[in-house]
Amino acid sequence: EPEVTQTPSHQVTQMGQEVILRCVPISNHLYFYWYRQILGQKVEFLVSFYNNEISEKSEIFDDQFSVERPDGSNFTLKIRSTKLEDSAMYFCASPAVRLAGGNYEQYFGPGTRLTVT
Amino acid sequence: KQEVTQIPAALSVPEGENLVLNCSFTDSAIYNLQWFRQDPGKGLTSLLLIQSSQREQTSGRLNASLDKSSGRSTLYIAASQPGDSATYLCAVRVKAAGNKLTFGGGTRVLVKP
């Protein structure tokens, strides 16, 4: 199975601090996604990133969030001033296994657990 | 707006019994539906993907069906084992919503030895 990696696995930060979550998606792919899962809740879409631009974002993805592709392989999610409610598991995802009709299967990284205190 | 619901929220069965997990969605205009497994505190492992033109997909003991017109998918796990204990999530990719996935709340499964 194609592998998506994320670092760190767990990040603890104080409210108001900036955090950067990192992802190495499946190589040679242009489409990347960030999702989050607050404990006990559904997995929610945050943002999709295509060819070095945001292609879609949810209402959760406000001005506190940003995404970048600082080099050819890494993909980052930055939260500028964390709040208690940002505590969640953050997943990046990358499409793979292109199927007929433009379909593809999304593969998820293991996640970064963010704890804001 | 697409809503995805999974019932039941939790399920406990003895080892060897077949599992039936349900997923329903409100907007039938989907590209595909994907089933995932999530172990506690872990990431999402893709199990099966059913394209909108397909009725079912099989992988080993897993079989997923799709009835797009009624907005339903069912995941069957045959002869359950304690190692099947996990949360199972379904997610749909909606045509009108770009490429993102919309997830259900999951069904937490416990297979007792």
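Details of the structure are given in the entry above.
Residues numbered from 1 in each chain as written. Chains lettered and ligands numbered in written order. Predicted model: local features only at pLDDT ≥ 70, side-chain atom pairs only at ≥ 80, totals over all residues. Heavy atoms only, no water.

Enquirer: Sorry, what's going on with the nonpolar core here?
Expert: One recurring pattern in soluble globular proteins is that nonpolar side chains are buried together. Residue and element names in this part refer to chain A. Counting 24 residues, the largest nonpolar core has Trp34, Leu46, Phe61, Val67, Phe75, Leu77 and Tyr90 as its most contacted members. Secondary structure elements with two or more residues in this core: β3 (19-24), β4 (31-37), β5 (43-50), β7 (65-68), β8 (75-79), β9 (88-98) and β11 (112-116). The residues contacting Leu46, other than those within four sequence positions of it, are Trp34, Tyr35, Arg36, Glu56, Lys57, Ser58, Ile60, Phe61, Leu77 and Tyr90. (Core = buried A, V, L, I, M, F, W, Y, C linked by side-chain atoms within 4.5 Å. Buried < 20%, exposed > 50% of the residue type's maximum accessible area, 1.4 Å probe, protein only. Helix = DSSP H or I, 4+ residues; strand = E, 2+ residues; numbered from the N terminus. Contact = heavy atoms within 4.5 Å.)

Enquirer: What should I look at first to understand the environment of Gln6(A) in this one?
Expert: Residue and element names in this part refer to chain A. With respect to the secondary-structure elements, Gln6 resides in strand β1 (residues 5-7). Note: C-alpha distance between Gln6 and Glu59 (53 residues apart in sequence) is 24 Å. Not counting the four nearest positions on each side in its chain, Gln6 is found in contact with Arg22, Cys23, Trp34, Tyr90, Phe91, Cys92, Gly109, Pro110, Gly111 and Thr112. A polar atom in the side chain of Gln6 sits 3.1 Å from the backbone nitrogen of Cys92. (Polar contact = N/O pair within 3.5 Å; in protein donor to acceptor, adjacent residues only side chain to side chain.)

Enquirer: What is the right way to look at the state of the cysteines in this model?
Expert: All names here are of chain A. A full pass over the atoms with the stated rule returns 2 disulfides over all chains. The disulfide partner of Cys23 is Cys92, and the gap between their sulfur atoms is 1.9 Å. For the disulfide bridge between Cys23 and Cys92, the dihedral angle about the S-S bond is near 70°, and by the sign convention the bridge is right-handed. In this pair, Cys23 sits in strand β3 while Cys92 sits in strand β9, placing the two residues 69 residues apart along the sequence. (Disulfide = S-S within 2.5 Å.)

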